[in-house]
Each structure stands twice: as structure tokens, then as C-alpha cells.
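Results of the structural survey
Each chain, letter by letter, is given below.
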Amino acid sequence: MGDPRLLAVAEPVRQFGTAELASLVADMRDTMRDLNGAGLAAPQIGVGLRVVIFGMDHNPRYPEADPVPFTVLINPVLAPVGDDMEDGWEGCLSVPGMRGVVPRYKHLRYAGVDADGQPLDRTVSNFHARVVQHEVDHLDGILYPRRIRDLTQFGFTEALFPDEEIVDD
Ligand code: NI
């Protein structure tokens, strides 16, 4: 947080199935796994392209959350399904050691393509919907602290959750 690349609007990907794109996705996947992230956006590793990845089985950073399939999502388009919003705790690998309560749409349809340009179109809810909204915000230069409505619900993970075994960087 503070790096201007995290505040920029990322550019669409125009060529698919390239070695360059495969290598970007592989780098992102390694970074996300090393840091136990639930998702990662290309601007977080300094690449200003509209590429996000997300997915997790059981994640020690989010011990309560349901699994989300590993997904590469490029040039995403999001559409909320209904008006329901839900508050939930979020963290971010670009804001290490902190958590905040962020309102997100509870139900979401998202579309885009994978690294080979194959289309993807899903309607999801709850944590899956939250992760996608968080990651796609990165492509528009938005970090989750800007979405927090009540700053009393923002702080250091170990202070907020002293009794929980949350692994955090
Ligand atoms: Ni993030």
C-alpha cells in the first residue's frame, strides 16, 4: 500500500495463449501460494494488466471460509445479483498484517476469459463473491481500506483476533 501502481487502472489483456501471459499467471500463482493468499491481482506484483487469480481449499488466513475453485480471470466484468450487501472481514497481501470489515455484494455474476481466452461466466455468493470483488477492485486501483465504512473495524490482525490461529504476514 502506497505504491502508485496499486492506484492505477490496469489495461485489458489483448493477446491470449502467449508464453508471456502463462508466465505472469505462474508468477502470480507462486506468490499467492507462498503468502497463503485467497487471491491476487497482477498490479500487486507490479504488472498493470487486468488479470486476477483466486481460489483456496482450506486457508489459514481465512479459516472460516468455504472453498473457492482455483480460477484465472482476465478482463473481468462484474454484475451484482440483487442489492443484498454483507459485511465481512478482509485482508490483503498488499496491506500485510491488517484486517478490516468491508461491505460487498452477497451475490455476484462475473464473466471474463482464462489465459487461453476461453470464456468463463459464473454466478456465486458469499466468500467467493467477496474475493472476486476484492481482486477486481485492485484492477481499478482500489484497496479494501477505501471501502471500509467503520474505521473502528480496521486494525492489526493479531490485535483484532488475539485468540485465533490466523497466519498472517
Ligand atoms: Ni488484495
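All values reported here derive from a predicted model rather than from experimental measurement. (Residues numbered from 1 in each chain as written. Predicted model: local features only at pLDDT ≥ 70, side-chain atom pairs only at ≥ 80, totals over all residues. Heavy atoms only, no water.)

Ideal geometry at a metal centre: 109.5 degrees between donors when four sit tetrahedrally, and 90 or 180 degrees when six sit octahedrally. Taken together, Cys92 (SG), His134 (NE2) and His138 (NE2) make up the protein donors of the nickel ion, found 2.1 to 2.3 Å from the metal. Along the chain, the residues that donate to the nickel ion are spaced as C-x41-H-x3-H. One end of the pair, Cys92, is in the loop between strand S4 (85–90) and strand S5 (98–105); the other, His138, is in helix H2 (residues 126–139), with 46 residues separating them in the sequence. Side by side, Cys92 and His138 carry an identical accessibility label, which is buried. (Donors = N, O, S within 2.8 Å, 3.2 Å for Na, K, Ca; no water. Helix = DSSP H or I, 4+ residues; strand = E, 2+ residues; numbered from the N terminus. Buried < 20%, exposed > 50% of the residue type's maximum accessible area, 1.4 Å probe, protein only.)

With that settled, the discussion passes to the sheet that holds strand S3 (residues 68–80). Spatial ordering of the open sheet is given by S1-S2-S3-S6-S7, a layout of five strands whose pairing is antiparallel. Since the sheet does not close on itself, it has two edges, and those belong to strand S1 (39–41) and strand S7 (119–125), each with one partner. In this sheet, adjacent strand axes meet at a mean angle of 35° when their direction is disregarded. The pairing of strand S6 (residues 107–113) with S7 spans seven bridges and is classified as antiparallel. Across the sheet, residue Val113 finds its bridge partner in S7, namely Pro119. Against the sheet, helix H1 (residues 19–34) makes contact with S1, strand S2 (51–56) and S3, and its axis sits at roughly 40° relative to S2, the strand it touches most. (Pairing = 2+ DSSP bridges. Axes fitted to C-alpha atoms, helices over the stretch in contact; angles between N-to-C directions. Contact = heavy atoms within 4.5 Å.)

Formed by 20 residues in total, the largest nonpolar core has its most connected members in Phe54, Leu73, Tyr110, Phe127 and Val132. Those elements that provide at least two residues to this core are S2, S3, S6, S7 and H2. If one sorts the elements of this core by residue count, H2 sits on top with six residues. Beyond its immediate chain neighbours, meaning those up to four positions away, Phe127 contacts Ala38, Met56, Tyr62, Ala65, Asp66 and Val68. In this structure, Val13, Leu24, Ile74 and Leu93 belong to the second largest nonpolar core, which totals 14 residues. (Core = buried A, V, L, I, M, F, W, Y, C linked by side-chain atoms within 4.5 Å.)

Our next topic: the packing of aromatic side chains. Scanning the model with the defined rule gives three aromatic pairs in all. Centroid distance Phe54 to Tyr110: 5.9 Å. Interplanar angle 80°. Geometry classified as edge-to-face. Residue Phe54 is found in strand S2, and its partner Tyr110 is found in strand S6; the two are separated by 56 residues along the sequence. Residue classification places Phe54 among the buried residues on the basis of a relative accessible area of 0%. Geometry around Phe70 places Arg29 over its ring, the cationic atom sitting 3.8 Å from the centre. Seen from the ring of Phe70, Arg33 lies directly overhead, with NZ or CZ sitting 5.4 Å from the centre. (Phe/Tyr/Trp six-rings, centres within 6.5 Å; stacked < 30°, edge-to-face > 60°. Lys NZ or Arg CZ within 6 Å of the ring centre and 35° of its normal.)

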